[in-house]
Amino acid sequence: MEKIAYFANTDFSLFNFRQELMREMKGNGFEVFAVASVTNKEIVEEIEKEGIKFINIPLKRGLDFLGGDFVYFLKVFSLCKREKFFLCHNFTIKPCIFATLAQKLAGVKNIYCTITGLGYVFTEAKLSSLLKKIVVWLYKFSFKFVNKVIFLNPDDREVFLEERIIKKEKTLLILSEGVNTKEFSTERVNKEVQDKLKREIDYKEGKIIITLIARLLWQKGIGEFVKAAEELKRKYSNSEFLLVGPIDKENPSGISEKTIKEWENKKIVRYLGERKEVKEILALSNIVVLPSYYKEGIPKILLEAGAMEKPLIATDVSGCKEVVRNNENGFLIEPKNSQQLAERIEILIKNKDLREKFGKKSREIVEKEFNVEKIVKEIIESYNIKKSKCQIRTNF
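Residues numbered from 1 in each chain as written. Predicted model: local features only at pLDDT ≥ 70, side-chain atom pairs only at ≥ 80, totals over all residues. Heavy atoms only, no water.

Trainee: Lay out the packing of helix α1 (residues 11-27) against helix α2 (residues 41-49) in plain terms, naming residues and giving numbers.
Mentor: In contact at an axis separation of 9 Å, α1 and α2 are set at 50° when each is read in the N-to-C sense. Here α1 is positioned oblique relative to α2, judged by the angle of their axes. Regarding α1 and α2, the two cross each other, and that crossing is left-handed. On α2, the residues touching Asp11, Phe12 and Phe15 of α1 are Ile43, Val44, Glu46 and Ile47. Residue classes in the contact of α1 with α2 are distributed as 5 nonpolar, no polar and 2 charged. (Axes fitted to C-alpha atoms, helices over the stretch in contact; angles between N-to-C directions. Helix = DSSP H or I, 4+ residues; strand = E, 2+ residues; numbered from the N terminus. Parallel < 35°, antiparallel > 145°, perpendicular 65-115°, else oblique. Left-handed = near helix turned anticlockwise from the far one by under 90°. Contact = heavy atoms within 4.5 Å. Nonpolar A, V, L, I, M, F, W, Y, C, P; charged D, E, K, R; others polar.)

Structure follows, in structure tokens:
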């Protein structure tokens with residue numbers, strides 16, 4: 001049986017974004033490996049339930065050539081040498097660089113990478129230009145050894161082409177990693193979980209819920225969301241602003257627990273923390289926003305919210321603008337513009353018919369363009385597997 005391995009920074013990354021892809025390759029007769037850092041044992045158990053072998057190789061943030069990065073490189077090399085993978089597919093920055101090099105040295109013939117977003121190295125002007133130069137050089141060197149690099153939006157690909165990191169013929173554009181529209185639908189909401197959530201947030205009929213789900217980073221537009229919430233809550237007592245997502249203490253752009261507590265104490269937002277019941281939170285929400293100026297790939301939360309028939313408000317930046325069509329399924333706003341965000345939210349607070357119209361269009365767009373079945377088929381076809389003993393099927 002041929003072996004395929006998927007490498008990412010965390011178990012959550014593989015489970016949340018690549019579960020269907022790994023499952024499909026398993027169904028195609030491959031022995032599938034998931035290689036990442038363990039952050040949650042329950043997630044690892046969920047991956048292994050699918051018959052996928054999980055390998056824990058710790059990976060820390062920040063460049064550390066002589067320490068953690070070198071150890072990671074050696075462990076990936078050893079794994080690839082031992083397992084003799086037919087194909088490796090890498091996601092997120094460090095696996096795309098260091099795992100790629102280790103795989104090449106170990107003799108892996110088929111290496112693929114997906115750029116899931118450009119991240120803070122390309123967005124933070126304050127960062128040393130030297131750091132960016134190092135990252136660009138590492139990408140450029142590593143990508144000499146890949147079959148294809150998949151980009152999730154055209155802007156990211158253009159950046160890599162302009163920086164001469166990769167030649168265009170080695171690139172492939174696949175918009176997003178998809179969303180399971182069967183799972184994320186109004187029919188699949190767990191009523192028991194939703195009722196519990198209603199009690200938790202003291203839900204009452206007529207309440208308008210505006211939700212932002214993201215890692216708690218300033219670059220995700222959290223500050224703009226809070227400013228908009230503060231303004232609108234003075235005008236609309238029936239409005240509730242929910243903030244959902246993990247605190248990211250290691251990220252330079254991370255928001256502190258103290259700051260979040262201050263917002264809660266002032267009753268500007270209600271913070272629910274990191275939650276599993278995303279579908280039920282979306283079902284309760286009337287409006288979903290993502291005022292991010294982070295270099296997104298394609299934000300999955302916008303796809304999930306769209307699949308749940310929600311009107312969307314997002315910034316007119318790469319990744320977001322591919323999902324949100326201005327005045328069709330929501331509004332696009334300028335980055336870092338809390339006033340414009342508040343104005344667009346207010347339009348939707350006051351107009352239920354418009355919310356429903358945008359919501360239906362969101363579902364239509366996601367089903368047609370971002371259904372995970374379509375995306376997984378495109379990824380598998382990009383592998384161009386001809387020499388494998390396994391017969392590839394691309395129909396779910």
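Trainee: Can you explain the confidence of the model for the protein? Please cite residues and give values.
Mentor: Per-residue confidence for the protein gives a mean pLDDT of 93, with 95% of residues at or over 70. A low-confidence stretch, residues 387-396 (pLDDT under 50), is modelled with 28 contacts involving residues beyond four sequence positions or located in other chains. (pLDDT = per-residue confidence, 0-100.)

Trainee: How would you summarise the pairing of strand β4 (residues 87-91) if you had to cite specific residues and measurements?
Mentor: Taken across its 5 residues, β4 has 5 buried, putting it largely inside the fold. Alternating residues of β4 divide into Leu87, His89 and Phe91 and Cys88 and Asn90, and every residue in both groups is buried. Sheet topology places strand β1 (residues 3-10) next to β4; 4 bridges connect them, and they run parallel. Within β4, the position partnered with tyrosine 6 by the bridge is histidine 89. (Buried < 20%, exposed > 50% of the residue type's maximum accessible area, 1.4 Å probe, protein only. Pairing = 2+ DSSP bridges.)

Trainee: Let's hear about the packing of aromatic side chains: which residues, and what values?
Mentor: One pair of aromatic rings is described through two measures. These are the centre distance and the angle between the planes. If you walk through the whole model with that rule in mind, you get 16 aromatic pairs. When the ring of phenylalanine 151 is compared with that of phenylalanine 160, the centres are 5.2 Å apart and the planes differ by 70°; the resulting orientation is edge-to-face. An identical accessibility class is assigned to phenylalanine 151 and phenylalanine 160; each is buried. An angle of 65° between the planes, with centres 5.6 Å apart, marks the rings of phenylalanine 225 and phenylalanine 241 as edge-to-face. Placement of phenylalanine 225 in helix α9 (residues 222-235) and of phenylalanine 241 in strand β9 (residues 239-244) is noted, with a sequence separation of 16 residues between them. What makes phenylalanine 225 buried here is its relative accessible area of 0%. Through a chain of ring-to-ring contacts, three or more aromatic side chains come together here, namely Tyr139, Phe143, Phe151 and Phe160. (Phe/Tyr/Trp six-rings, centres within 6.5 Å; stacked < 30°, edge-to-face > 60°.)

Trainee: Tell me about α1, and name the residues and values.
Mentor: Each α-helix winds once per 3.6 residues, and so residues spaced three or four apart point in a common direction. Helix length check: α1, at 17 residues, gives a terminal C-alpha distance of 20 Å against a target of 24 Å (1.5 Å per residue), a shortfall beyond 12%. A maximum bend of about 80° is found in α1 at arginine 18. Buried residues of α1: Asp11, Ser13, Leu14, Arg18, Gln19, Glu20, Leu21, Met22, Glu24 and Met25, and no others. Against β1, β2 (31-37), α2, β3 (53-56), β4 and α15 (372-383) lie the buried residues of α1. At the exit of α1 stands glycine 29, carrying a positive phi of roughly 100°. (Expected span 1.5 Å × (residues − 1). Bend = angle between axes of the 7 residues up to and from the residue.)

Trainee: Describe the pattern of salt bridges, naming the residues involved and giving the relevant values.
Mentor: Taken as a whole and assessed by the stated rule, the structure comprises 28 salt bridges. Of the charged contacts in the structure, one is a salt bridge between glutamate 42 and lysine 276, with a shortest N-O distance of 2.6 Å. Taken together, the residues span a long stretch of sequence, with glutamate 42 in helix α2 and lysine 276 in the loop between β10 (270-273) and α11 (278-284) at a distance of 234 residues. Relative accessible area serves as the criterion here: at 70%, lysine 276 is assigned to the exposed category. One salt bridge connects arginine 188 with glutamate 183, and the closest N-O pair in it is separated by 3.0 Å. By relative accessible area, which is 44% here, arginine 188 ends up partly exposed. Salt bridges sharing partners connect three or more residues here, namely Lys3, Arg82 and Glu83. (Salt bridge = Lys/Arg side-chain N within 4 Å of Asp/Glu carboxyl O.)

Trainee: For the sheet that holds strand β11 (residues 287-290), give the residues involved together with the corresponding values.
Mentor: Taken in spatial order, the 6 strands line up as β10-β9-β8-β11-β12-β13 in an open sheet, and their pairing is parallel. Edge positions in the sheet fall to β10 and β13 (330-333), since each of these pairs with one other strand and no more. Taken pair by pair, the neighbouring strands of this sheet meet at an average axis angle of 20°, ignoring direction. Where β9 meets β10, 3 bridges bridge the pair, whose relative direction is parallel. Note that in β10 the partner of leucine 243 across the bridge is tyrosine 271. Lying on the sheet, helix α12 (residues 300-307) is in contact with β8 (208-213), β11 and β12 (312-315); it crosses β12 at an angle near 160°.

Trainee: Before we move on, can you summarise the packing of α12 against helix α14 (residues 352-369) with the specific residues and values?
Mentor: At a minimum axis separation of 7 Å, α12 and α14 run at an interaxial angle of 115°. As for the relative orientation of α12 and α14, their crossing is left-handed in sense. Contacts between α12 and α14 pair Leu303, Gly306 and Ala307 from the former with Gly359, Ser362, Arg363 and Val366 from the latter. The residue inventory of the contact of α12 with α14, partitioned by class, reads 3 nonpolar, 3 polar and 1 charged.

Trainee: Pulling in residues and values, what's your account of the environment of leucine 242?
Mentor: Of note, leucine 242 is situated in strand β9. Owing to a relative accessible area of 3%, leucine 242 belongs among the buried residues under this scheme. Taking the C-alpha atoms as reference points, leucine 242 and leucine 101, separated by 141 residues in sequence, lie 42 Å from one another. Setting aside residues up to four positions removed in sequence, leucine 242 forms contacts with Ile201, Ile209, Ile210, Thr211, Leu212, Phe225, Arg270 and Leu272.

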